[in-house]
Amino acid sequence: MIDLTNVKRAFLDSSFIINVLAAMAGSTDDTAKFCLKLLEQLNSNSTTLGVSVISVTEICSFPNKPNFVQSLIQALMSDNVEILQYDLQEAQAARKYGNKYIGTNKLKSFISSFNENFPDHKILRDHISDDVKIVSTAIANNYDIILGTDHRTMYPISKEMGLEIICCHFLNCFNCSASHVFSFEPLDAEKEYNKRMNK
Amino acid sequence: MHIKNQIAELSKNYNIKFRFEDKENSLSKDDGLRLSELKGIVNVIDELDGNDYKSGFVLSEISGNCYQLQLSTVNEVNYDTLLKVAHNSANKNESELSDIEKKFRKAINKPLNKNNRTLTVINNKGQELFTTPHIEINKVFETYSTKKTVTGLITKIGDFDMSKSSIQIDGYKHQIRVNDAQDSVLKDHYRNSSIRAIVTQNVNITTGKVTSCELESFTIIKKGNLIENLKGLSKDFLSNFKFDSNDDILKALND
């Protein structure tokens, strides 16, 4: 069980941030609303939030409107947010912890398990590569948990690399009240992942 | 008798001569060594003997058409040390040299750079110990540089050395050197605003430890936490994120 009432440092995946923005845009989707609720809780607990520049790139690539990127970056650069580059120590972490995914053959065997969900292997490969880099950035900068909603690639990659992932799409794995999110149960999440991925 | 011996011992000087020559023996008082060529040697010797007024080296004689320096000390240990440093600087491989020997090699190379000059070192007994020409110094890279992003409050500003400026950022243990322009802007944000700093770190190849840091660029972080700042985004902006479900979001991320 992971206690979420007093988190000091949490890394945010792109999928989590977009869900928060979707909730703010009026989405009634449960995952989006939950992400916003959890972020509000972390905010009030003065949790330091880490964001990878790779996630910033992913989020910025959505619309192509003037001032969009600038506005988003301005908003992300907040008191409690660290925007972190992918650099040498992150690359070292990628090699150390992401060994399973680095190298063509290793990547191929992982990709082959996604046949049904990801028909385009090239996009999947890029996606995995980005996920490995995001997780490596979190590990290299001493984050213990990452918040995301991507159960298909980020979830298994993060688990494999040893970083605890709070998958906010697995809503049944949280212990929460109307106003508070108390904890997350990784063992339930593992079952949920296997169920959803037909494993 | 005993006291006399002690006095004799105390007054005993140990002399080392550094004789610079060129092939034509053309060094003279009209074309001698420049002060700029000698000051490095003097500085290193000063550092080596601890700049002790009583037992440190003194420049006791300049002879031989202005190219032979005699340095004297009453301290035998200092004498032996200088001979050893001079010998090693001239004869050992770069990787075998101590820091002071590296400095001495660099210092003696300065006057040796010109006109095929040589240096002969002569000990207290007047024996020529060795002669060396200019020594090739292979540049040894001891550090590599890497960039790091550091985010946090400026918790310290200033430096012990008045000619330098540096800052410290909360959560990052190393002092970060800043230039004058950066310093004047950052002063206003001391303990006040968070900054996002891109820092160049010099890392020792052997130890992997950061030896120095320099501020490349920085951004003053907008006041307010993430939720407040995201809520401050316009409706038009947020309309870009109208997704019905998490699956739609993941699909958009993967497309």
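Residues numbered from 1 in each chain as written. Chains lettered and ligands numbered in written order. Predicted model: local features only at pLDDT ≥ 70, side-chain atom pairs only at ≥ 80, totals over all residues.

**Overview of the interface of chain A and chain B**
Spelled out, the test is: Two residues form a contact once the distance between their C-beta atoms, set from the backbone, is within 7 Å. The secondary structure listing takes helices from DSSP runs of H or I that are at least 4 residues long and strands from runs of E that are at least 2 residues long, numbered from the N terminus. Charged means Asp, Glu, Lys or Arg here, nonpolar means Ala, Val, Leu, Ile, Met, Phe, Trp, Tyr, Cys or Pro, and polar covers whatever is left, Gly included.
Across the contact, 40 residues belong to chain A and 35 residues belong to chain B. Counting only elements with at least two residues in the side of chain A that touches chain B, the list comes to helix 1 (14-24), helix 2 (30-44), helix 4 (68-76), strand 4 (81-84) and helix 7 (121-140) of chain A. A per-element tally of the side of chain A that touches chain B places helix 1 of chain A first, with eight residues. Of the residues belonging to the side of chain A that touches chain B, the class tally is 18 nonpolar, 14 polar and eight charged.

**So, the sheet that holds strand 5 (residues 128-132) of chain B**
All names here are of chain B. Here is the rule: Being paired, for any two strands, means DSSP has found at least two bridges between them. Note on geometry: axes are C-alpha line fits, over the in-contact stretch for helices, and angles between N-to-C directions span 0 to 180 degrees.
Taken together, the five strands give an open sheet; going across it, the order is 2-3-1-4-5, and neighbouring strands pair in antiparallel fashion. In this open sheet, the two edge strands, each paired with only one partner strand, are strand 2 (58-63) and strand 5. Geometrically, the sheet is characterised by an average inter-axis angle of 20 degrees between neighbouring strands, direction not taken into account. With five bridges joining them, strand 1 (residues 14-21) and strand 4 (residues 118-122) adopt antiparallel strand pairing. Within strand 4, the position partnered with phenylalanine 20 by the bridge is leucine 119.

**Some remarks on the packing of helix 3 (residues 53-60) of chain A against helix 4 of chain A**
Residue and element names in this part refer to chain A. Rules: Angles below 35 degrees are treated as roughly parallel, those above 145 as roughly antiparallel, those between 65 and 115 as roughly perpendicular, and all remaining angles as oblique. For any pair of crossing helices, the crossing counts as left-handed if the nearer helix is rotated counterclockwise from the farther one by less than a right angle, and right-handed if it is rotated clockwise.
Contact pair helix 3 / helix 4: the axes reach a minimum separation of 10 Å and the direction vectors enclose 140 degrees. By the criterion of interaxial angle, the relationship of helix 3 to helix 4 is oblique. Considering the relative orientation of helix 3 and helix 4, their crossing is right-handed. Here Val56, Ile59 and Cys60 of helix 3 come into contact with helix 4, specifically with Val69, Leu72, Ile73 and Leu76.

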